[in-house]
Amino acid sequence: MGKRKYVSDYAIEDYQNEKGKLRSRRIYQGKYYRFRNTPEEVKKLRYTIIVVCGLITALLLPVLLADSSLSRTVYIVLPSVLSFAPVYLLVAAAVRLDPKLERFTREHRDKTENRIRGSIPVLVAFLAVACVGCAAECIRGNFPSGEIPYMICLVAALMAAISLFPLRKKGDCDPIDENL
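In this text, all values refer to a predicted model and were calculated from it rather than measured experimentally.

The rules we used
Residues numbered from 1 in each chain as written. Predicted model: local features only at pLDDT ≥ 70, side-chain atom pairs only at ≥ 80, totals over all residues. Heavy atoms only, no water. Helix = DSSP H or I, 4+ residues; strand = E, 2+ residues; numbered from the N terminus. Expected span 1.5 Å × (residues − 1). Contact = heavy atoms within 4.5 Å. Axes fitted to C-alpha atoms, helices over the stretch in contact; angles between N-to-C directions. Parallel < 35°, antiparallel > 145°, perpendicular 65-115°, else oblique. Nonpolar A, V, L, I, M, F, W, Y, C, P; charged D, E, K, R; others polar. Phe/Tyr/Trp six-rings, centres within 6.5 Å; stacked < 30°, edge-to-face > 60°. Lys NZ or Arg CZ within 6 Å of the ring centre and 35° of its normal. Buried < 20%, exposed > 50% of the residue type's maximum accessible area, 1.4 Å probe, protein only. Polar contact = N/O pair within 3.5 Å; in protein donor to acceptor, adjacent residues only side chain to side chain. Left-handed = near helix turned anticlockwise from the far one by under 90°. Pairing = 2+ DSSP bridges. Salt bridge = Lys/Arg side-chain N within 4 Å of Asp/Glu carboxyl O.

**What about helix H1 (residues 39-65)?**
For step 1, the next point in the chain: Between the first and last C-alpha of H1 there are 39 Å, a value that for 27 residues agrees with the 39 Å anticipated at 1.5 Å per step.
For step 2, the next point in the chain: Looking at the buried side of H1, the elements it contacts are strand E3 (33-35), helix H2 (74-82), helix H3 (84-96), helix H4 (106-140) and helix H5 (148-163).

**Some words on the packing of H2 against H3**
Helix packing geometry: the angle between the two helix axes and the distance between the axes.
For step 1, the next point in the chain: Contact pair H2 / H3: the axes reach a minimum separation of 4 Å and the direction vectors enclose 15°. Relative to H3, the element H2 lies roughly parallel. Between H2 and H3, the contacting residues are Ser80, Val81 and Leu82 on the first element and Phe84, Ala85 and Pro86 on the second.
For step 2, the next point in the chain: Considering only residue class, the contact of H2 with H3 consists of 5 nonpolar, 1 polar and no charged.

**Some thoughts on the packing of aromatic side chains**
For step 1, the next point in the chain: Applying the stated criterion across every chain, the model contains 3 aromatic pairs.
For step 2, the next point in the chain: The rings of Tyr10, Tyr28 and Tyr32 are connected pair by pair, giving a single aromatic cluster.
For step 3, the next point in the chain: Across the ring face of Tyr15, the terminal group of Arg25 is positioned such that the distance to the ring centre comes to 4.1 Å.

**Let's talk about the side chain of Ser83**
For step 1, the next point in the chain: Inspection of the secondary structure assignment puts Ser83 in the loop between H2 and H3.
For step 2, the next point in the chain: Overall, the relative accessible area of 0% leaves Ser83 in the buried class.
For step 3, the next point in the chain: A distance of 2.5 Å separates a polar side-chain atom of Ser83 from the backbone oxygen of Ser80.
For step 4, the next point in the chain: If we skip the residues at most four places from it in the chain, Ser83 touches Leu60, Leu123, Phe126 and Leu127.

**Some words on the packing of H1 against H5**
For step 1, the next point in the chain: The contact between H1 and H5 brings their axes to 9 Å, and the two run at 160°. Taken as axis vectors, H1 and H5 run roughly antiparallel relative to one another. The way H1 lies across H5 gives a crossing that is left-handed. Along the contact surface, H1 presents Val52, Leu55, Ile56, Leu59, Leu60, Pro62 and Val63, while H5 presents Tyr150, Cys153, Leu154, Ala156, Ala157, Ala160, Ala161 and Ser163.
For step 2, the next point in the chain: The class makeup of the residues in the contact of H1 with H5 is 14 nonpolar, 1 polar and no charged.

**Focus on the pairing of strand E2 (residues 22-28)**
For step 1, the next point in the chain: Bridging between strand E1 (residues 10-16) and E2 involves 7 bridges; their strand directions are antiparallel. Paired with Ala11 across the bridge in E2 is Ile27.
For step 2, the next point in the chain: The antiparallel pairing of E1 with E2 creates a hairpin that spans 5 residues between the two strands, and Gly20 there sits at a positive phi of about 90°.

**A short note on the pattern of salt bridges**
For step 1, the next point in the chain: By the definition in use, this model includes 9 salt bridges.
For step 2, the next point in the chain: Of the charged contacts, one joins Glu13 and Arg25 as a salt bridge, the two residues approaching to 3.2 Å between their closest N and O atoms. Here Arg25 lies in strand E2 and Glu13 lies in strand E1, a separation of 12 residues in the sequence.
For step 3, the next point in the chain: Glu107 is paired through a salt bridge with Lys111; the nearest N and O atoms lie 3.1 Å apart. One end of the pair is Glu107 and the other is Lys111, both in helix H4 and 4 residues apart, which spans about a single turn.
For step 4, the next point in the chain: Judged by its relative accessible area of 12%, Glu107 falls in the buried class.

Laid out in structure tokens, this is it:
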């Protein structure tokens with residue numbers, strides 16, 4: 001289904017291969033894009049996203065793998081587990097951020113710019129819900145003192161996700177005018 005979205009960007013062209021057989025190939029006819037920022041800024045964005053997502057993963061794993069009351073509370077565990085989806089999308093987008101690319105297709109743009117712009121707010125929302133769940137457990141009085149390191153891990157993961165917020169627009173792209 002995802003590939004059908006980009007079908008209109010391609011045309012089928014017939015050609016003869018070296019053996020004389022008639023073959024078809026796809027020729028890209030859509031708009032080309034480039035990053036707004038310099039290659040150095042794109043490279044810095046790439047490594048920042050990878051490092052911060054690695055940190056978030058390292059902070060969430062102890063909370064999810066520990067045998068504690070926090071790891072058995074659905075409104076803390078569920079948003080924490082769901083936060084791995086935007087982390088994955090961010091890392092996938094960061095891997096595609098190639099500062100050497102001078103022009104790329106709409107599909108590449110969607111898988112970088114749109115994923116970075118959309119995943120960061122979702123990640124922050126999931127981690128904020130998990131932190132609010134921890135606060136609710138504290139207010140209810142169901143929070144043993146041994147759980148404090150896990151709560152600190154959740155809050156630290158939220159702060160790391162919030163630190164990505166200013167970087168949302170660093171992966172933006174502009175269309176290239178082919179007539180120039």
